[in-house]
Structure formats: C-alpha cells, structure tokens
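Listed here are the chains, written in short residue letters.
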Amino acid sequence: MAGDRRVHHTERSRWRLTFRRLVGDALAALQAGDPGPSQQAVADMVDLACDMKSYDYFHSDDPVEAAKFVVSDAVAVLWESVLRHEGFAGFARRAPEQLIRWESDYGWTRRGYGQVPGKETVLAVPLARLLTSPDMWRTFGESYLDALDAAGRADPKRPRTVYGSVDETRYRRHERTKDLAAWHEMLPRPFRGNP
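Residues numbered from 1 in each chain as written. Predicted model: local features only at pLDDT ≥ 70, side-chain atom pairs only at ≥ 80, totals over all residues. Heavy atoms only, no water.

Observations concerning the packing of aromatic side chains
The cut-off we apply is this: Classification of ring pairs rests on two measures: the distance between centres of Phe, Tyr or Trp rings, Trp counted by its six-membered ring, which must be within 6.5 Å, and the angle between planes, read as stacked under 30 degrees, edge-to-face over 60 and tilted in between. Strands are runs of DSSP state E lasting at least 2 residues, helices are runs of H or I lasting at least 4, and numbering of each runs from the N terminus. Categorising residues by exposure relies on relative accessible area from a 1.4 Å probe, with only protein chains included: less than 20% of the type maximum marks a residue as buried, more than 50% marks it as exposed, and the intermediate range marks it as partly exposed.
A full pass over the atoms with the stated rule returns seven aromatic pairs. Ring plane angle 90 degrees and centroid distance 5.4 Å describe the contact between F19 and F69, whose orientation is recorded as edge-to-face. A residue pair is termed long-range when its members are at least 10 positions apart, and F19 in helix 2 (residues 15-29) and F69 in the loop between helix 4 (63-67) and helix 5 (71-102) qualify at 50 residues. A residue is classified by how much of its surface remains accessible, and F19, at 5% relative accessible area, is buried. On the numbers, 5.7 Å between centres and 85 degrees between planes, the contact of F140 with W183 is edge-to-face. Of this pair, F140 sits in helix 8 (residues 134-154) while W183 sits in helix 10 (residues 181-186); the two residues are 43 residues apart in sequence, bridging distant segments of the chain. The pair formed by F140 and W183 is uniform in burial state, with each residue classed as buried. Aromatic rings pair up to connect W79, F88, F91, W137, F140, Y144 and W183 into one cluster.

Focus on the nonpolar core
Quick reminder of the rule: Here, the term nonpolar core denotes a set of buried Ala, Val, Leu, Ile, Met, Phe, Trp, Tyr and Cys residues that are joined through side-chain atoms within 4.5 Å. In this description, contact between two residues means that some pair of their heavy atoms is separated by no more than 4.5 Å.
If you look at the biggest cluster of nonpolar residues, it comprises 46 residues, and the most contacted ones within it are F69, W79, F91, W102, L131, F140 and W183. Listing elements by their share of this core, those giving two or more residues are helix 2, helix 3 (36-52), helix 4, helix 5, helix 7 (124-130) and helix 8. Considering each element in turn, this core owes the most residues, 13 residues, to helix 5. When residues no more than four places from it in sequence are discounted, the contact partners of F69 are F19, V23, M45, V46, A49, V64, A74, V116 and E120.

Now the structure itself:
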C-alpha cells in the first residue's frame, strides 16, 4: 500500500488490468489437455479475491469490482474443469474444501453493489447444477461433512475469554455457518442434521 521498490508505482496503479488478464489467461487454459496448472492458478485467483474483501492489498475501494472478476463464474468454470478431467471422485475430493473456504453469503465485493455483485451467485448454485444424480449428492454430501469436520478441527482452540475480548473461533464459525446456509438448505435432509 505505501509503496515498495519491488513493484514499480505504475504497475501498482494498473494492478486491476494485470489481474483481469491473468484471470482470463487462467480460465482459457482450463480447456488445455493438462489443466492442472491452470486449475491451481484459478484457485489462487479466487483465494486472492476472497482475501481482497478483507484486506487492502491494492489502491481501490472495491478491488474485486474494479477488476470485474465474478468469483462465482470463475469457480463454476473451475469445478466443471475438475469434474471433466478428474472425474467425480476427484471433484468430490477437492470441491468440498474449496466450497467451505470460498463461499460468501454476501458475495466477494466490499460494498455489494455494482456490475459484478449483480452477476454473483452463491457457490451452492453452480455446485448443485453439477450434482446430477442422487448418488452424486450422497457422495458429495459425505465428502462435504468430512471437509467441514476438518475445517472445525483446524480452527484455533477457543481461548479463555476475558470480559470484553473477542472469541475469534466463535466468530469464524458463526461466519462460516452464515456463508454456507444456502448450501445447507440445498442438501438432502439426511445431511442437514435435525429437521
């Protein structure tokens, strides 16, 4: 933010153009015979977009909007590529953890208005389109529950709270629950827990 000799100031001011070009290249490369590197590149771009919502990496009030990066569209293309090239077993291994990490109840822009948020959808929508049979829902649901357990175990242990302190673990779990609410509503009843 404050300037650095490693990145020239003109490049910092054009970051959104560079980001948009890299995203376009990575998405186009998903059609290649070996899409593994491009799948990782798209995943890295989505991780960066998720981080940009919370941190000021670039000079912009709304970095995702400025880059015109529709996260849900990119994730849909990524997941279609994984399903096409790795089969459903590979998809069911990778996508649940990504869903938990990337899903955002209110989208991926800071303010939630503009052209990009108007095109965004929760990731549960493109995911549900890929699960075309009851067996796929069951297998994916089981993988999702395993990934959700792993995410819970990876959360920091809850510290003893002192009056007025923030319990970061509780906050993180609350946010995760809100973000995944649409997906939980789509899950068949046996995976939801109590009615």
